[in-house]
Amino acid sequence: MRVNAYAAPAAGEPLTPTTIERRDVGPNDVLIAIQYAGICHSDIHTVNGDWGPQPFPVVPGHEIVGVVAEVGADVTKYQAGDRVGVGCMVNSCGECAHCRGGDEQYCINGAVLTYAGADRDGTTTQGGYSTHVVVDADYVLSVPDSLDAAAAAPLLCAGITTYAPLRRWGAGPGKKVAVVGLGGLGHIAVKIAHAMGAEVTVLSQSLKKQDDGLRLGADHYHATSDPDTFTQLAGRFDLIVNTVSADIDTNAYLGLLALDGAMVNVGIAPGPLSVGGILLGSPRRILTGSMFGGIALTQEMLDFCAEHGIGAEVEVISADRVNEAYERVLASDVRYRFVIDTGTIA
Ligand code: NAP
Ligand code: ZN
């Protein structure tokens, strides 16, 4: 079927309305009528070519919430009318050790990303800035009814991307967690870490968003532009979740980790990391990264968010404002996630 969408025609070009082809609904597929699509900074990195050449035109969008319109003959998990979501991937081999272990995002044969990905039928995937999408049922998530649809959309990427390291590194009572950057990922990380019972500190460039940070669940808030922050908090944290989209001084943040503390980069900054060996080793510290999350963990995250009443703080926009929203995200002027009402895509 031919559906309406917004696409970037080439690297760095503004997005424009277009139409794209969606495949026929196969036996294990779900046709989703999309309601909302979040704008992730990864969409902007991709469109701007920060991550290298892309198969343009690209329809971004991997924070998708909608309603099932049709299911294939073999689909038993979903039926028409169900509220569902799609995140950063739409397929993987399902057979390798990583897939079998629930880490489909690290599929040894390559997970199929939701947009600009090489699909298994040889076509290029196109994302959620569109009216409909066809996805294999195994990669479709159930979005609990208690969650507002627009506020739930960002959970499909920002939610799982922060939930995964918080779970993996044991955020909970007695643990001191720092979240670096209070943007789309950061503000959800604060909500989730707080709900897990951790003591949460926001490290933001300035104190401009301090009231919001404390309201979202942070116990402490510091400006990284103030050098005192780094002396005052030295050796403090069990876990640092770095959500910043730009290069930061990794060594300065490593100095904030306690013995065996971990700094997890989920932000994908352009530059290579330069890390001091003594700083990393004394006291013993961990520097690692993390990519969104597997399907079972994503469902666990959605259920956790429903249980704790966690959704994103969203600014819902019509599709014709997408380029303006990109500019505002790049200027750190987002509170805290833009979400496209895909009903406005004409
Ligand atoms: P975002 O909404 O733009 O938030 C990023 C935040 O980083 C900003 O709000 C700002 O927070 C801080 N920041 C921006 N520029 C900075 C600079 N030059 N120095 C210090 N801090 C700066 O972006 P997002 O959607 O949350 O995404 C964040 C990053 O995560 C992106 O790189 C994205 O590609 C990546 N990502 C990765 C995954 C994954 O699977 N690993 C998934 C999704 C996204 P303050 O104003 O509070 O300082
Ligand atoms: Zn994303």
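Residues numbered from 1 in each chain as written. Chains lettered and ligands numbered in written order. Predicted model: local features only at pLDDT ≥ 70, side-chain atom pairs only at ≥ 80, totals over all residues. Heavy atoms only, no water.

1. What to know about the pairing of strand E13 (residues 237-242)
- Of all six residues making up E13, five are buried, and the element is well covered by its neighbours.
- Pairing of strand E10 (residues 176-180) with E13 involves four bridges; the strand directions are parallel. Among the inter-strand pairings, Val179 is bridged to a residue of E13, identified as Val241.
- Where E13 and strand E14 (residues 257-265) come together, five bridges link them in parallel fashion. From the neighbouring strand, Leu239 faces E14, where its bridge partner is Ala262. (Buried < 20%, exposed > 50% of the residue type's maximum accessible area, 1.4 Å probe, protein only. Helix = DSSP H or I, 4+ residues; strand = E, 2+ residues; numbered from the N terminus. Pairing = 2+ DSSP bridges.)

2. Some thoughts on the packing of helix H4 (residues 158-168) against helix H10 (residues 295-308)
- Two numbers describe how H4 lies on H10: the axes approach to 10 Å, and their chain directions differ by 95 degrees. Our classification of the angle between H4 and H10 gives roughly perpendicular. From H4, Gly159, Ile160, Tyr163, Ala164 and Arg167 reach across to H10, where they touch Leu297, Thr298, Glu300, Met301 and Phe304.
- Per-class residue counts for the contact of H4 with H10 are six nonpolar, two polar and two charged. (Axes fitted to C-alpha atoms, helices over the stretch in contact; angles between N-to-C directions. Parallel < 35°, antiparallel > 145°, perpendicular 65-115°, else oblique. Contact = heavy atoms within 4.5 Å. Nonpolar A, V, L, I, M, F, W, Y, C, P; charged D, E, K, R; others polar.)

3. Here's the deal with the coordination of the zinc ion (ligand 2)
- Distances from the zinc ion (ligand 2) to its protein donors, Cys40 (SG), His62 (NE2) and Cys157 (SG), fall within 2.0 to 2.2 Å.
- In the primary structure, the donors to the zinc ion (ligand 2) are separated according to the pattern C-x21-H-x94-C. One end of the pair, His62, is in the loop between helix H1 (41-47) and strand E4 (64-71); the other, Cys157, is in the loop between helix H3 (149-152) and H4, with 95 residues separating them in the sequence. For the pair formed by His62 and Cys157, the shared burial category is buried. (Donors = N, O, S within 2.8 Å, 3.2 Å for Na, K, Ca; no water.)

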